[in-house]
Amino acid sequence: MLKSKTFVKKTRAGRVMKIVREHYLRDDIWCGSEACDQCRQDSTVLQREACIESNLCTFSHYLIPDTNVVLHQIDILEDPVICNVVILQTVLQEVRHRSAPIYKRLKDLIHEEERHFYTFTNEHHRETFIEREPGESANDRNDRAIRVAAKWYTEHLAKPDEPKVVLLTNDVANKQKAQESGLLVYKFEEYVKGLIANPELVDRLALSNDEKSDITGSRVLFPEHFPLSRIQAGIKSGAFHQGTFKASRDNYLEAKVFIQNNEEDGTEVLIQGLQNLNRAVHLDVVAVQLLPRSQWVAPSSIMLQDVGLAKDDTNEEEEEEDALKSPKGDVGRKPTGKIVGIIKRNWRPFCGMLNVSQIKESTRHLFTPADRCIPRIRIETRQASTLAGQRIMVAIDGWPKDSRYPNGHFVRTLGIAGEKDTEEAVLLLEHDIPHQAFSQAVLSFLPKMPWSIKPEDMVGREDLRNLNVCSVDPPGCTDIDDALHYIELGNGNFEVGVHIADVSHFIRPCNALDKEAANRGTTVYLCGKRIDMVPELLSSNLCSLRSNVDRLAFSSIWEMNQEAEILKTRFTKSVINSKASLTYAEAQMRIDDTGKNDNITKSLRGLNKLAKILKKRRIEKGALTLSNVEVRFHMDSETHDPVELQTKELKETNYMVEEFMLLANISVAQKIYDEFAECALLRKHPAPPPSNYDILMKAAKSQNVLLRTDSAKTLADSLEAAKVDGFGYFNTLLRILATRCMMQAIYFCSGMDSDFHHYGLATPIYTHFTSPIRRYADIIVHRLLAVAIGADSTYPDLTDKHKLSALCNNLNYRHKMSQYAQRASVAFHTQLFFKTRGILSEEGFVLFVRKNAIIVLIPKFGLEGTVFFDGKDKCGLNLVFDEEFPSLTVEQHTFRIFDRVKVTISLDDSNIQHQKIRMALIEPVIPGVSVSATDVGTPNKKPKLDR
């Protein structure tokens, strides 16, 4: 049966087009129930005995939730007790339109066979499809479609021994109309509260609007948010700006909004004070209104943490606002604004711990998220005594204007706080790291074992197994994706080859394995654990370029002269057999051991000599050499706890490998751009805005050192020349600080951007080719290069610049979250290390000063800690902060950036939610100083080189 609609549409050019939409209806769509004997069904999903223990529904039944139930109560629908659910096509389409994350969760539920979720295509069933009536809203039409489908199911399964159908809705009008139609219908809360032996599900109920108003205060604390129509009009007229809200981790009364498509010089708007923040949550898309210039302020230099109170009717706001008062004059003032509306909430379930209310028998408690950027959340739970000391997940339901904190509901427990497995789970969830086991659908695309290279694999490949190829990697590396070779040619030149694992041979476009790798984006390296981007069979076996086994590779081969100048370049798919898998230390020992002269050692010496020339030339062109303090943990073989912590020592061989990886990436970038000018996947590093260098310039000036930052070349030269007599570590500290000034390098599609320059490497074009085992970007680059040299065929998505740009956005997000997760893992293992060490004394350097604190770097451990000083009104200390020449005077002693200090370090685990490293000053000694603990931290690292 065919239904069609015909209408006319006027184009922008003024032409009139006739549009015909056809909608096919069928009468052979089955209901999915094994209790049905009317439908011709190839398979059934809904069980005959569909019993859920309930005081409300004591009979076998199927559930049909409406759209809002799915959107707001997905946490309960995911519980194993809920099964035999009919998801209507109408609901599925609405959820897809309104929330991509919940749509994905719903699709995952439908694919779980043991849950018995059945999708019924009511929009194409002859008896359940309905037309939208004149004057009827789309929402009302969809509600009616849900009722019609529920009515059909009720009548279709009308026999006494067949399950009944229960419609679940929280819409009062929808429920009343369903009852008038003779349907069995309940509010979702009614149904959940009627379940037997599952009282914990009540805590997971998202609050309804009635309940939200019931638990908030009577005093209005925040301005009303503007409606979306007014926001859109304001953005169009320029009165408002749209941007991403980013809360401060150090000061809960401050945030920035990163304006999208801003044509002015600045791209950030500063927001200060509770009322101006106006209930925005970290990463929400918001509408911001700029304040008059006379009200612009400077970012606060005070570190202020929300201690959290159970009541909203406090008068502490005045004290808090006083803490944000800016210095007089225009020093450091930024465009300042206020939030006038929320365009899109980016809420997710948050990990953290429950602060049990001190009021006896109270069911209302505050939840403290692990992420300091997220405000505390008020929840109702009857399990408070059980949840105390546990890591739990909580979701936000809403934030009324008369509540100091948002309201939410309990989602699930993660385990006992402080236990390694629990904290690792929190770390992965908080940073949105895909870490579930690979599905059978993904694993089905792996090669069947035993696997070996077949004749068809050799088509179009060069056999390079005779070459003295070797790999050089960190100790314990099993996912070896790069190897090198070096040959002295008869004409006095050299042949150098970089050989990269040919992962794209095993991962073909658009299958389940490829989609999973694209979603994960990158391998995540935690302390003592690796979350692979691709299954281990590939990452540690078939793709890993281990020694003495034949492996498929993609090779970049150059002919170079004595000055390391490239004379010829070629790319080829190949087969190699690595002759040695070395660590950096082993390779360095070979180079330094004059008694060793085997082929591999001679190759390493030749490579090292050329690498030094390449590095010198890069630096002369303006490439930056920055610095990080990186640490390595040595783990106990049985407990896997850290037993030793030391900073990583970089050897010549580290730089040797980096130089050739950089060279390969540059060569490949040029090749794929020459062939695919509109759809090459490239990587750029934007130049920092001048304001980023403010703190670096002030720090250098404090030591009477002049830095120039007008270009990467001038910065590199002035960093090289920056020295202070008697202060050998000064240059390293300056480079660490310079690293903090840098922008993040990002992937992009060449057809969507005109600026390709990589600031840090001083190269006009760059990409990632050398690590396809651990980066999905490299797999795409391999595919582009393979097409460019005729070694493989293309496919539509590869040359679609819009799809490639969307992929780049996901890769940039995954790489950023991976970096954050790795830092959090280092921080947690640092806590474990200090847990059994007692109190240690170490020398450190002041990296930053704040109004009430100094931030100290301990080079030995790569550890940063904040020493807080209480103000004069609390303990009699006199604090004087100078922002222009960053310094903090405590009583008679002045702390400046790069000052040496000596501190004791110990772990304060009195608050298990946020364990702290306690730093106490030994030198200088300042009588009367009250020193607080601080979160353990690691430097805000960015990679030294983008290899």
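Residues numbered from 1 in each chain as written. Predicted model: local features only at pLDDT ≥ 70, side-chain atom pairs only at ≥ 80, totals over all residues. Heavy atoms only, no water.

**Student:** Teacher, can you tell me more about the overall build of the chain here?
**Tutor:** When helices and strands are tallied, the chain shows 26 helices and 39 strands. If you take every contact in the chain between residues at least 6 apart in sequence, the share linking residues at least 24 apart comes to 68%. Counting every atom, the chain has about 43600 Å² of accessible surface; 49% of that belongs to carbon and sulfur. (Helix = DSSP H or I, 4+ residues; strand = E, 2+ residues; numbered from the N terminus. Contact = heavy atoms within 4.5 Å. Areas by Shrake-Rupley, 256 points an atom, 1.4 Å probe, with all protein chains shown as cover.)

**Student:** It is not clear to me how the sheet that holds strand β9 (residues 254-259) should be interpreted in this structure. Could you clarify?
**Tutor:** Across a sheet, paired strands are connected by hydrogen bonds in the backbone, their directions being either parallel or antiparallel. Taking strand neighbours around the barrel as the criterion, the five strands line up as β8-β9-β10-β12-β11 in a closed arrangement whose pairing is mixed. Strand-to-strand twist in this sheet, taken as the mean axis angle between neighbours without regard to direction, amounts to 50 degrees. Bridge count for strand β8 (residues 241-247) against strand β11 (residues 285-290) is four bridges, and the pairing is antiparallel. When the sheet's bridge partners are listed, Q242 is paired in β11 with A287. Contacting β8, β11 and β12 (336-344), helix α10 (residues 228-237) runs over the sheet at an angle of about 125 degrees to β12. (Pairing = 2+ DSSP bridges. Axes fitted to C-alpha atoms, helices over the stretch in contact; angles between N-to-C directions.)

**Student:** What exactly am I supposed to notice about helix α18 (residues 584-592) here?
**Tutor:** Each turn of an α-helix holds 3.6 residues, which means side chains three or four residues apart point in the same direction. Among all positions of α18, only Y584, A587, Q588, R590 and I591 are buried. Along α18, the residues classed as buried sweep out an arc of 160 degrees about the axis, all on the same side. Set apart from the buried face of α18 by more than 90 degrees, the exposed residues are M589 and D592. If you follow the buried residues of α18, they end up packed against β19 (470-473), β26 (580-583), α19 (599-620) and α20 (652-675). (Buried < 20%, exposed > 50% of the residue type's maximum accessible area, 1.4 Å probe, protein only. Arc of directions from axis to C-beta.)

**Student:** Explain the nonpolar core to me, please; I cannot follow it from the model alone.
**Tutor:** Soluble globular proteins: nonpolar side chains tend toward being buried together. Core analysis: the biggest nonpolar cluster contains 88 residues, and L538, L604, M656, F660, L681, Y776 and I780 have the highest contact counts within it. With residues near it in sequence (within four places) discarded, I780 still touches L681, Y795, L798, L804 and L807. The next biggest cluster of nonpolar side chains, apart from the first, holds 57 residues, and it includes I74, Y118, A150 and L205. (Core = buried A, V, L, I, M, F, W, Y, C linked by side-chain atoms within 4.5 Å.)

**Student:** What should I look at first to understand the confidence of the model for the chain in this one?
**Tutor:** Any residue range with low pLDDT should be treated as having predicted coordinates unsuitable for detailed reading. Overall, the predicted model of the chain reaches an average pLDDT of 87, with 89% of residues at or above 70. Averaged pLDDT values over the elements of the chain bottom out at 48 in helix α26 (residues 872-875) and peak at 98 in helix α24 (residues 776-788). Ignoring residues within four places in sequence, the model shows residues 262-266, a span with pLDDT below 50, making one contact including any to other chains. Confidence drops under a pLDDT of 50 for residues 930-934, and excluding neighbours within four residues, the segment shows 23 contacts in the predicted structure. (pLDDT = per-residue confidence, 0-100.)

**Student:** Could you clarify how one ought to interpret the packing of aromatic side chains in this entry?
**Tutor:** Two aromatic rings, taken as a pair, are described by how far apart their centres are and by the angle between their planes. For the structure shown, the criterion picks out 18 aromatic pairs. Look at Y486 and F494: their rings are 5.4 Å apart centre to centre, the planes differ by 25 degrees, and that puts the pair in the stacked class. Both rings, one in F869 and one in F895, keep their centres 5.8 Å apart while their planes meet at 25 degrees; by these two values the pair is stacked. With F869 in the loop between β33 (863-868) and α26 and F895 in strand β36 (residues 893-896), this pair connects stretches of sequence that are 26 residues apart. Look at F895 and you get buried, because its relative accessible area is 0%. Each residue in the set F727, Y729, F730, F845 and F898 is aromatic and connected to the rest through ring pairs, giving one cluster. The residue whose ring lies beneath R683 is Y747, and the NZ or CZ to ring-centre distance is 4.5 Å. Seen from the ring of F748, K684 lies directly overhead, with NZ or CZ sitting 5.5 Å from the centre. (Phe/Tyr/Trp six-rings, centres within 6.5 Å; stacked < 30°, edge-to-face > 60°. Lys NZ or Arg CZ within 6 Å of the ring centre and 35° of its normal.)

**Student:** Looking at this structure, I do not really get the pairing of strand β25 (residues 566-577). What am I missing?
**Tutor:** When a strand is regular, its side chains alternate between the sheet's two faces. Examined bridge by bridge, strand β18 (residues 461-463) and β25 share three bridges and lie parallel to one another. Note on β25: the bridge partner recorded for D463 is V575. Bridge analysis of strand β24 (residues 550-560) against β25 gives eleven bridges, and the strand direction is antiparallel. Note on β25: the bridge partner recorded for E559 is K568. Connecting β24 to the next strand, β25, in antiparallel fashion are five residues, including A564 with a positive phi near 60 degrees.

**Student:** What exactly am I supposed to notice about the pattern of salt bridges here?
**Tutor:** A side chain of one charge can pair with a side chain of the opposite charge if their charged atoms are brought near each other. Taken as a whole and assessed by the stated rule, the structure comprises 48 salt bridges. One salt bridge in this structure joins R144 and E133, with 3.7 Å as the shortest N-O distance. Of the two residues, R144 is situated in helix α5 (residues 138-156) and E133 in the loop between β5 (117-120) and α5; the sequence distance between them amounts to eleven residues. On the basis of relative accessible area, R144 is assigned to the buried category, the value being 18%. Using a relative accessible area of 43% as the deciding quantity, one classes E133 as partly exposed. Several salt bridges share partner residues, and in doing so they unite D75, E78 and R105 into one network. (Salt bridge = Lys/Arg side-chain N within 4 Å of Asp/Glu carboxyl O.)

**Student:** How should the sheet that holds strand β17 (residues 407-416) be read in this particular structure?
**Tutor:** Read once around its circumference, the closed barrel built from five strands follows the order β13-β14-β15-β17-β16, with strand pairing classed as mixed. Strand-to-strand twist across the sheet, computed as the mean angle between neighbouring axes with direction ignored, equals 55 degrees. Where strand β16 (residues 390-398) meets β17, eight bridges bridge the pair, whose relative direction is antiparallel. Counterpart to I392 in the pairing with β17 is T413. Sheet strands touched by helix α14 (residues 420-430): β13 (350-355), β16 and β17. Its angle to β17, the strand with the most contacts, is close to 140 degrees.

**Student:** What exactly am I supposed to notice about the pairing of β24 here?
**Tutor:** With ten of eleven residues buried, β24 lies mostly within the body of the structure. Direction of pairing for strand β21 (residues 494-501) relative to β24: antiparallel, over a ladder of eight bridges. Bridge pairing in β24 places F494 opposite M560.

**Student:** Is there a simple way to explain the side chain of R783 in this structure?
**Tutor:** The residue R783 is located in helix α24 in this model. Overall, R783 belongs to the buried group, its relative accessible area being 4%. Looking at R783, its side chain comes within polar contact range of the main-chain oxygen of I507, at 2.9 Å. Here Y795 takes part through its side chain, which lies 2.9 Å from a polar atom of the side chain of R783. Those residues in contact with R783 that sit more than four places away from it in its chain are S504, I507, R508, P509, D514, Y776, Y795 and L798. (Polar contact = N/O pair within 3.5 Å; in protein donor to acceptor, adjacent residues only side chain to side chain.)

**Student:** I'm lost on the environment of Y729 in this one. Help?
**Tutor:** Secondary-structure assignment places Y729 in the loop between α22 (712-721) and α23 (730-741). Among the residues examined, Y729 registers a relative accessible area of 24% and is labelled partly exposed.

**Student:** Even after reading the chapter, I still don't get the state of the cysteines, so can you show me in this structure?
**Tutor:** As used in these notes, a disulfide is a covalent bond between sulfur atoms, one from each of two cysteines. Using the criterion set out here, one finds zero disulfides in the structure. Sulfur of C679: no disulfide; nearest cysteine sulfur belongs to C749 and is 6.4 Å away. (Disulfide = S-S within 2.5 Å.)

**Student:** Would you mind showing me how to read unusual backbone geometry here?
**Tutor:** Among all residues except glycine, the phi angle is most often negative; among peptide bonds, the trans geometry is most common. Note that the residue after M449, namely P450, is joined by a cis bond; omega there is -5 degrees. Secondary-structure assignment places P450 in the loop between α15 (440-443) and β18. In the segment running from E923 into P924, the intervening peptide bond is cis, with an omega of 0 degrees. Summarising the element assignment, P924 is placed in the loop between β38 (916-923) and β39 (934-935). Unlike most non-glycine residues, L283 shows phi in positive territory, near 80 degrees. Tracing the chain through its elements places L283 in the loop between α11 (274-277) and β11. Residues other than glycine seldom take positive phi values, yet N704 does so here, at roughly 60 degrees.

**Student:** Can you help me understand the environment of R115 in this one?
**Tutor:** With respect to the helices and strands, the residue R115 is situated in the loop between α4 (100-111) and β5. A sequence separation of 31 residues divides R115 from N84, and the C-alpha atoms of the two residues are 6.7 Å apart. Those residues in contact with R115 that sit more than four places away from it in its chain are L77, E78, D79, P80, I82, C83, N84 and L109.

**Student:** How should the environment of V411 be read in this particular structure?
**Tutor:** Turning to its location among the elements, V411 is positioned in strand β17. The buried category is assigned to V411, whose relative accessible area is 8%. Taking the C-alpha atoms as reference points, V411 and E200, separated by 211 residues in sequence, lie 9.6 Å from one another. Leave out the neighbours within four places in its chain, and V411 touches D75, R204, M393, V394 and A395.

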